[in-house]
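Single-letter residue listing:
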Amino acid sequence: MKQMHGGGRMRWFAGACVAFSCFRLVPCSFSQVPRLINYQGRVAVAGVNFDGSGSFKFALVNAAGTTTYWSNDGTSTSGSQPAAAVSLIVNKGLYSVLLGDASLANMTVVPATVFTNADVRLRVWFNDGTNGSQLLAPDQRIAAVGYALMAENVPDGAITSAKIANGAVGSSQLAIGAAVGNIAPGSISGAQLASGAAVVNLNAASQSGVASGGLVLSATENSALLAAGYVRIGTTTTADAWQQRVNGTPPTARFLHTAVWTGSEMIVWGGFGGGYLNDGARYNPAGNSWTAMSAIGAPAARLGHTAVWTCSEMIVWGGFNGGIGLNDGARYNPAGNSWTAVIAIGAPAGRELHTAVWTDSEMIVWGGNNEN
């Protein structure tokens, strides 16, 4: 049997690999470390550099070679030879391979957990097609660059206070509410908080702190408050109350109208109030204000109709105007304060007191009353 020998060098692959003045690009996401390790080696048979297609097998093992962390086809155990080989072109004894490149036949991805081990070595077998598969010695140890795979999977507890410089974490690194549930008990004390910092953060989240001597009302027994040092002093009752909303001109009194919520405003339209109505207004709770709706292009006056909100428009349809059930309607756009008629072709028969829902793409109408 002819003697085979080989050698190689390991490089970390990050975007492009330079090998003998050639470039190969492998696409990767900026948010993820590519799980590819570039290995370049040399192989000779009986002292002569090999040329042609060769069969290679690879395994990542421990220093003693008795434990397999990974192999090209996943079959190696205890440092044994994998079952399937990877076919590579060898030119004047030189070859190159991306370990973990799943686009190659019989090649599996290298898991990042391999590099939780301190000493990882690459074991290579070569078959020239004549002399059978031979182990190339010695195993090649992977240096620090291979461990960059672990950069996308920081072990729990790896980042300690010693790794964070004083002042490195400021307000821009802590989103409102982001720290809740993610900071170890006792890790932030009064020395780390500027005077008033907690109050500002709470206010920004529409919350408030409790000053010394203040009271906290809870509808139920609250063990968390007791654990925080609060003392239960008794019970109290409060009366329900209404807050008057009269800023601007609200719609006239009415019933059997519709109201929808847009995410920022309530839109009231139609109904009956001494007569059939085809007007309405928008109410903004933040500004406690009413805005009248345009009447141009609005549907005819009615009651018992339906209205749905589509995330950009309110659709009014059907209802009753004292004569017959209606099967028409219109779309109202708050941004432009404008109405657009709803097409009547294919619409259901006229009706009132029916139901209508919005599906994110369609309005579905069902049932109702069409008697005069």
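Residues numbered from 1 in each chain as written. Predicted model: local features only at pLDDT ≥ 70, side-chain atom pairs only at ≥ 80, totals over all residues. Heavy atoms only, no water.

S.K.: Mind showing me how you'd approach the sheet that holds strand β17 (residues 314–317) here?
M.R.: Backbone hydrogen bonds hold the strands of a sheet together, and the pairing may be parallel or antiparallel. Judged by pairing direction, the sheet is antiparallel, and its 4 strands sit side by side in the order β16-β17-β18-β19 without closing on themselves. Bordering the open sheet on either side are β16 (306–309) and β19 (338–341), each of which pairs with just one other strand. Each strand of the sheet is rotated relative to its neighbour by a mean of 20°, with strand direction disregarded. With 4 bridges joining them, strand β18 (residues 329–333) and β19 adopt antiparallel strand pairing. The partner of N333 across the bridge, within β19, is S338. (Pairing = 2+ DSSP bridges. Helix = DSSP H or I, 4+ residues; strand = E, 2+ residues; numbered from the N terminus. Axes fitted to C-alpha atoms, helices over the stretch in contact; angles between N-to-C directions.)

S.K.: Sorry, what's going on with the nonpolar core here?
M.R.: General note: in soluble globular proteins, nonpolar side chains tend to be found buried as a group. Grouped together as the largest cluster of nonpolar side chains are 25 residues, with contacts concentrated most on F56, F58, L60 and L99. Listing elements by their share of this core, those giving two or more residues are β4 (37–45), β6 (52–61), β8 (86–90), β9 (94–99) and β10 (121–127). Top contributing element to this core by residue count: β4, with 4 residues. Membership of the second largest hydrophobic core comes to 12 residues, among which are V260, I267, A307 and W339. (Core = buried A, V, L, I, M, F, W, Y, C linked by side-chain atoms within 4.5 Å. Buried < 20%, exposed > 50% of the residue type's maximum accessible area, 1.4 Å probe, protein only.)

S.K.: Teacher, can you tell me more about the side chain of T258 here?
M.R.: Considering the arrangement of structural elements, one finds T258 in strand β12 (residues 258–261). Of the residues examined, T258 reaches a relative accessible area of 9% and is grouped as buried. Looking at T258, its side chain comes within polar contact range of the side chain of H305, at 3.1 Å. Apart from the residues lying within four places of it in its own chain, the contact partners of T258 are I267, V268, W269, H305, T306 and A307. (Polar contact = N/O pair within 3.5 Å; in protein donor to acceptor, adjacent residues only side chain to side chain. Contact = heavy atoms within 4.5 Å.)

S.K.: Just checking my understanding: could you explain the confidence of the model for the protein for this structure?
M.R.: When pLDDT drops low, the exact placement of atoms in the prediction is not to be read closely. Across the protein, the average pLDDT comes to 82, with 78% of residues at or above 70. Here residues 9–31 scores under 50 on pLDDT; set against residues more than four positions off or in separate chains, the count is 46 contacts. (pLDDT = per-residue confidence, 0-100.)

S.K.: So what exactly am I meant to see when it comes to unusual backbone geometry here?
M.R.: Glycine aside, a negative phi is what most residues show, and trans is what most peptide bonds show. Residue A137 is joined to P138 through a cis peptide bond whose omega torsion reads 0°. The residue P138 is located in strand β11 (residues 133–141) in this model.

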